[in-house]
Every structure is written in structure tokens, then in C-alpha cells.
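Structural characterization, general
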Amino acid sequence: MALDQSFVGRSYPPTDPYEVGREKIREFAEAVGDTNPAYADTEAAKALGHPDVIAPPTFVFAITFKAAGQVIEDPQLGLDYSRVVHGDQKFAYTRPVRAGDRLTVTSTIEAIKSMAGNDILDIRGEVHDEAGEHVVTAWTKLVARAAETVAEGA
Amino acid sequence: MTAKIAYGDVEVGTELPAQSFPVTRATLVQYAGASGDFNPIHWNEKFAREVGLPDVIAHGMFTMAEAIRVVTDWVGDPGAVVEYGVRFTKPVIVPNDDKGATIEVSAKVAAVLDDNRVRVDLLAKSGDQKVLGMSRAVVQLA
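Residues numbered from 1 in each chain as written. Chains lettered and ligands numbered in written order. Predicted model: local features only at pLDDT ≥ 70, side-chain atom pairs only at ≥ 80, totals over all residues. Heavy atoms only, no water.

Just so we agree on the cut-off: UniProt positions are given in the numbering used here, feature names are shortened, and annotations may be inferred rather than shown by experiment.
Identification of chain B as Dehydratase from Streptomyces venezuelae is taken from an unreviewed UniProt entry. As stated in UniProt under Sequence similarities (unreviewed entry), the record for chain B gives "Belongs to the enoyl-CoA hydratase/isomerase family."

Going by an unreviewed UniProt entry, chain A carries the name UPF0336 protein DEJ49_21855 and comes from Streptomyces venezuelae. What UniProt states about chain A under its Sequence similarities (unreviewed entry) heading is, verbatim, "Belongs to the UPF0336 family."

Structural data, given as C-alpha cells:
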């Protein structure tokens, strides 16, 4: 059954702050095999003009996707998560995420579409730091496949 | 921010150094731990086949993280990436052997923008399959 269009534009309350740890950044950079010193060496990050080590560009997804759980698990929306694949992902950064950031995410349902039995859900996550300054916006497109199609996404 | 590439040194068509990124089952387990994405389609072959996949597949976000390394290695400062978006078109299938899979990434400057920014278009393939579509980054150059 197609998702209810009246949810378009709905925003969920900001999440509790997520504190970005330097060891978590290091762990993530190691997991993707990225040896850029800006992720692990404070002095190297400062030489590039950053106040502390920064996180790789896609690091913040773990935070915004967890926040998107408010939408995904909203019983009123009724998304069948067992059929969901990740369609598109986009980030727009005001500045990189860095160690010591305390980040909150406000998730909004930007669009709901139904195509060939698939439900397509666009969620925008606005990420702010403790001072209320914008850090990054993440757009996540989720596709809940029609029951009979074969999984293809990631 | 301190990009090591100067805006004046690039033009539409400038190619970035291409790279190949290996991915094995061990890589996926490590990424699952670091990212918190423990979906069993990324580590449990039996589960993956039961939901209609040919085998375990890489996290789409892992592929996205590898592809942008072509840009961040080129520009030096990862903080110079101001926009980055992809479409997940095909999964990277990761067999349970000593080789795993390889993600091949190439990139070129597709547009020169205002304020010392350029748009870089990325091509990510695994085997003969294009695994990311509409893969684009906007980068702030020196």
C-alpha cells in the first residue's frame, strides 16, 4: 500500500547530541583504508586550517541514518523496512565534521513517491553543532521494493 | 581549508588519478563495526541469498566512502569537499575467497564553478558493472 502523502514536510524532534570522538574517526578511516593524516593527526589537520582532526566525508551518515530511524520506525508512516534498500545519498557541507563536535540531527520527510509498486522516501537530515551552527545536510533516498521484485540495491 | 590543487590549474576534462580499492569479507566486517551498519546482507551469505541477492554485497556507504578518496587524495584536504552525492545502481558482490572484489574509481573535472569551486564526476565500477551512478562532488580549490 502506498505511503500516506500527508507525511511530506513532517519534521521530527532534534536528536540528542552525538559526540564525535577522535578514536571513532580513526576507526572509521582505518575501516575504509584511508590514511589521510587529517583524520588521525591533530597537527596535520591544523596545518590544513582545521581546529582538530576531521572526519571523512561520509562519516556523518552513521549519525544521520540513526536519526532517520525516527522516520523509518514511525508506526504511523508504516514503512516496511524489511524491503528497504538505499537508493541515493547526498551530503552538502558547511564545514567538515570534527572531533569534539556534539551534533544534533533534525529529520524531515522531503518527498514520498510510489513507482511501480515501490515506495520511495526522501529524508533530509539537518546536522547542527552545539552552538546551533549548520554543519552538513544529508539527503537519504530509501526505496521499499514491491514484494515480488528481487533485491538489487545496496 | 588548504587544497593543494589550484583552481587555475584545472579545466573541464582534467582527469584525477584513478584508484582501485580491494574489498573482502574482512573489510566488510571491519566497516560494519566502524559504521554501526550490521545488516546481515553485508556479512551473512545464507541471509543474503535468502533475500534474493547472489552473494554478500558491500555496504553502499562503503563504496561511497572509497570513491571519494580519489577526490580527497587529489585535493589533499578532505575538508575541501563541499558536496558529494551518489546513486547506488548495482551492488558490489563480495565472494568469500582470498580475492574478494575490487572497486575501480576514475574521476574528472566536469564543470568549473564560481568561487574557486569545481564539480568532479566519478565513475565507480566493480567487474563490468557500474556500481555508482550520478556520482558527483563539488570541491573547493585553492
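That covers the picture; the talk isn't over yet.
**As for the nonpolar core**
Heads up, the rule is: Nonpolar cores were defined as sets of buried Ala, Val, Leu, Ile, Met, Phe, Trp, Tyr and Cys residues, with membership established by side-chain atoms within 4.5 Å. The rule is simple: take the accessible area with a 1.4 Å probe, protein chains only, and divide by the maximum for that residue type; under 20% is buried, over 50% is exposed, in between is partly exposed. Throughout, a contact is declared for two residues whenever any of their heavy atoms are within 4.5 Å.
Grouped together as the largest cluster of nonpolar side chains are 70 residues, with contacts concentrated most on Phe91 and Val97 of chain A together with Trp74, Tyr84, Val120 and Val139 of chain B. For Tyr84 of chain B, the residues in contact, after removing those within four places along its chain, are Thr58, Gln89, Lys90, Phe91 and Tyr93 of chain A together with Met64, Ala67, Ile68, Leu122, Ser135, Arg136 and Ala137 of chain B. Counting 15 residues, the second-largest nonpolar core is a separate cluster that includes Leu3, Ile112, Leu121 and Leu142 of chain A.

**Quick notes on helix 1 (residues 22-31) of chain A**
One turn of an α-helix holds 3.6 residues; hence residues three or four places apart share an orientation. Our working rule: Counting from the N terminus, the helices are DSSP H or I runs at least four residues long and the strands are E runs at least two residues long. The arc in question is formed by the directions pointing from the helix axis toward the C-beta atoms.
Here helix 1 of chain A has its buried residues at Ile25, Phe28, Ala29 and Ala31 of chain A. End-on view of helix 1 of chain A: buried residues confined to an arc of 160 degrees, all on one side of the axis. Looking at the packing, one finds that the buried side of helix 1 of chain A touches helix 1 (25-35) and helix 3 (60-67) of chain B. Looking one or two residues beyond helix 1 of chain A, the residue adopting positive phi is Gly33 of chain A, at roughly 70 degrees.

**Examining the packing of aromatic side chains**
Rule in force here: Stacked, tilted and edge-to-face pairs are distinguished by plane angle, under 30 degrees for stacked and over 60 for edge-to-face with tilted covering the rest, among Phe, Tyr and Trp rings (Trp via its six-membered ring) whose centres lie within 6.5 Å. By the criterion adopted, a ring carries a charge over it if an Arg CZ or a Lys NZ lies within 6 Å of its centre and within 35 degrees of its normal.
Going through the model one piece at a time under the given rule, you end up with five aromatic pairs over all chains. Considering the side-chain rings of Phe28 of chain A and Phe59 of chain A, the 5.5 Å spacing of their centres and the 85 degrees angle between planes classify their relative orientation as edge-to-face. Pair noted here: Phe28 of chain A is in helix 1 and Phe59 of chain A is in the loop between helix 2 (42-47) and helix 3 (61-72), with a separation of 31 residues, a long-range link. This pair shows no difference in class: Phe28 of chain A is buried, exactly as Phe59 of chain A is. Through a chain of ring-to-ring contacts, the aromatic side chains of Phe28 and Phe59 of chain A together with Tyr31 and Phe62 of chain B assemble into a single cluster. The cationic tip of Arg10 of chain A hangs over the ring face of Phe7 of chain A; the distance from NZ or CZ to the ring centre is 4.0 Å. Across the ring face of Trp139 of chain A, the terminal group of Lys90 of chain A is positioned such that the distance to the ring centre comes to 5.4 Å.

**Concerning the confidence of the model for chain B**
Low-pLDDT portions of the prediction should not be read for the details of their coordinates. Rules: The quantity called pLDDT is the predictor's confidence in a given residue, expressed from 0 to 100.
Within chain B, residue pLDDT values average 97, and 100% of them lie at 70 or more. Taken over the whole predicted complex, pTM reads 0.95, whereas the ipTM for its chain interfaces reads 0.96.

**Quick notes on helix 3 of chain A**
Taken together, the buried positions of helix 3 of chain A are Phe61, Ile63, Thr64, Ala67, Ala68, Gly69, Val71 and Ile72 of chain A. Looking at the buried residues of helix 3 of chain A, the elements they touch are strand 1 (18-19), strand 2 (84-93), strand 3 (102-115), strand 4 (118-128) and strand 5 (134-144) of chain A together with helix 3 of chain B.

**Some points on the interface of chain B and chain A**
Short version of the rule: Buried area: the accessible surface (1.4 Å probe) lost by two parts on joining, summed over both. Any Lys or Arg side-chain nitrogen located within 4 Å of an Asp or Glu carboxyl oxygen qualifies as a salt bridge. Identification of polar contacts relies on pairs of N or O atoms within 3.5 Å, with a donor-acceptor requirement for protein atoms, meaning one able to donate a hydrogen and the other able to accept it, and with residues adjacent in sequence counted only if both atoms are side-chain atoms.
Contact residues are listed per partner, giving 38 residues for chain B and 34 residues for chain A. Three residues stand out in chain B for area buried against chain A, namely Ala34, Met61 and Phe88 of chain B, and they jointly supply 19% of the buried area on that side. Joining chain B to chain A, the criterion identifies three salt bridges. The shortest N-O distance in the salt bridge between Arg69 of chain B and Asp34 of chain A comes to 3.9 Å. Counting the contacts that link chain B with chain A gives 11 residue pairs in polar contact (both at pLDDT 80 or more). Those elements that provide at least two residues to the side of chain B that touches chain A are helix 1, helix 3, helix 4 (69-75) and strand 2 (81-88) of chain B.

**Quick notes on the pairing of strand 3 (residues 101-112) of chain B**
Residues and elements named next belong to chain B. Short version of the rule: One requirement defines pairing of two strands: DSSP has to find at least two bridges between them.
Inspection of the sheet shows strand 1 (residues 15-23) paired to strand 3 by seven bridges, in the antiparallel sense. Each residue of the ladder has a partner; that of Val23, found in strand 3, is Ala101. When strand 3 meets strand 4 (residues 117-126), the two strands line up antiparallel, connected through eight bridges. Across the sheet, Ala107 pairs through a bridge with Leu122, a residue of strand 4. Hairpin connection of strand 3 to strand 4: four residues between the antiparallel strands, including Asp115 at a positive phi of 55 degrees.

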